[in-house]
Structures are given as C-alpha cells and as structure tokens.
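A structural walkthrough
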Amino acid sequence: MSGETVITIVGNLVDEVELRFTPAGVAVAKFRVASTPRKFNRDTNTWEDDRDGSLFLSCSVWRQAAEHAAESLSKGMRVIVQGRLKQRSYEDNQGVKRTVFDLDVEDFGPSLKLATAKVTKSGGSGQGRQEVQRARQAHGAASVEDPWASSAPAASGGYSDEVPF
C-alpha cells in the first residue's frame with residue numbers, strides 16, 4: 001500500500017512467541033524483537049553492544065504465519081523480521097500521553113549468520129491451534145479475563161484488527 005513504512009529488523013527475540021486466537025478462530029502471534037547496534041572498540045579490538053541504542057519493537061503476525069512463528073521461534077533466537085511500522089498513541093494511568101511503535105509482520109525467519117536451520121514446508125496442519133484448543137477444553141470455557149474470549153464488537157461498531165495485548 002502507498003504511504004506505508006516497510007522496515008526490516010534484525011535482532012533477538014526478547015520473549016517467547018505468544019499465540020492466541022480471535023473469537024472467529026483467526027490466529028495471531030505476538031513477540032518482541034530487540035535490535036542492538038554494535039560498535040567496534042579500537043582499544044580492546046572487540047565488538048561491543050551499544051545497550052543505550054537498543055530498539056525494542058512489539059511485533060504481531062496473523063493467520064497461518066502466526067502458527068508458524070509459534071512453532072518455529074523461541075526466546076533468544078536471532079531473527080529477521082519485515083513488516084509495516086505502525087504508530088499508536090495512548091494515555092497511561094498517570095495521564096501522560098505516550099507513543100509506541102509496533103510492527104505488523106509480513107515475513108520473518110531465523111537469522112542464519114550464526115546458526116543453521118532445516119526448513120520444512122508446512123502442510124497447513126495448524127498444530128499450534130490444536131494445542132490451544134486442547135488446553136481450552138482441558139480448562140473449560142475461556143477465562144473472562146481473556147480479551148479474546150469476548151465476541152463483542154469493538155467500540156467502532158465492528159471487530160477490530162488491533163492486537164489486544
């Protein structure tokens with residue numbers, strides 16, 4: 001689409017991938033990526049992380065790709081993520097206006113710079129969804145605290161694509 005900011009981030013997964021399903025059964029996965037620039041220290045003749053310059057981005061990916069992310073990625077893994085950068089503003093509990101940036105992921109994968117991977121073409125089995133459905137059945141109905149448990153439309157009068165976590 002015209003006017004969208006598409007970026008590619010290389011970094012490490014900060015958390016485990018969180019896989020959820022909308023009331024309509026659409027998979028969505030959330031994860032955070034930390035991208036830390038490195039500087040060469042001529043005094044020690046080594047590369048060092050510039051921790052002050054770290055960029056943390058919350059990423060969301062939808063549908064079958066969400067299930068693939070949950071099945072393939074894990075905390076600490078170095079990844080390459082490409083998607084559309086989104087900006088949103090909100091007011092925190094103290095009344096301070098905040099702005100955050102999120103990434104709607106189009107494509108992702110492990111970085112092979114320092115690792116190897118064996119790629120297996122998906123048959124579309126949706127194994128992640130089956131695990132979640134088994135967990136829901138084992139614990140009864142979805143929790144009232146679960147924002148995905150409600151099938152009520154968003155305030156705008158329709159269902160929102162906004163990730164509720």
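Preceding this section is the structure that the text describes.
Since the structure is predicted, the reported quantities are computational estimates derived from the model, not experimental observations.

The next subject is the overall build of the chain. Within the chain, the secondary structure is distributed over 2 helices and 8 strands. In sequence order, the secondary structure elements of the chain are arranged as β-β-β-β-β-β-α-β-β-α. By the burial criterion, 25% of the 165 residues in the chain qualify as buried. Taking the intrachain contacts of the chain between residues at least 6 apart in sequence as the baseline, contacts between residues at least 24 apart amount to 61%. Working note: accessible area of the chain is about 11,600 Å², and carbon and sulfur atoms make up 48% of it.

This paragraph deals with unusual backbone geometry. With a phi angle near 60°, Asn-45 is a residue other than glycine that sits in the positive phi range. With respect to the secondary-structure elements, Asn-45 resides in the loop between strand 4 (38-41) and strand 5 (46-49). Owing to a relative accessible area of 57%, Asn-45 belongs among the exposed residues under this scheme. For Arg-63, which is not glycine, the phi dihedral falls at a positive 60°. Looking at the secondary structure, you find Arg-63 in helix 1 (residues 63-72). The class for Arg-63 is exposed, based on a relative accessible area of 54%.

What counts and what doesn't
- Residues numbered from 1 in each chain as written.
- Predicted model: local features only at pLDDT ≥ 70, side-chain atom pairs only at ≥ 80, totals over all residues.
- Heavy atoms only, no water.
- Helix = DSSP H or I, 4+ residues; strand = E, 2+ residues; numbered from the N terminus.
- Buried < 20%, exposed > 50% of the residue type's maximum accessible area, 1.4 Å probe, protein only.
- Contact = heavy atoms within 4.5 Å.
- Areas by Shrake-Rupley, 256 points an atom, 1.4 Å probe, with all protein chains shown as cover.

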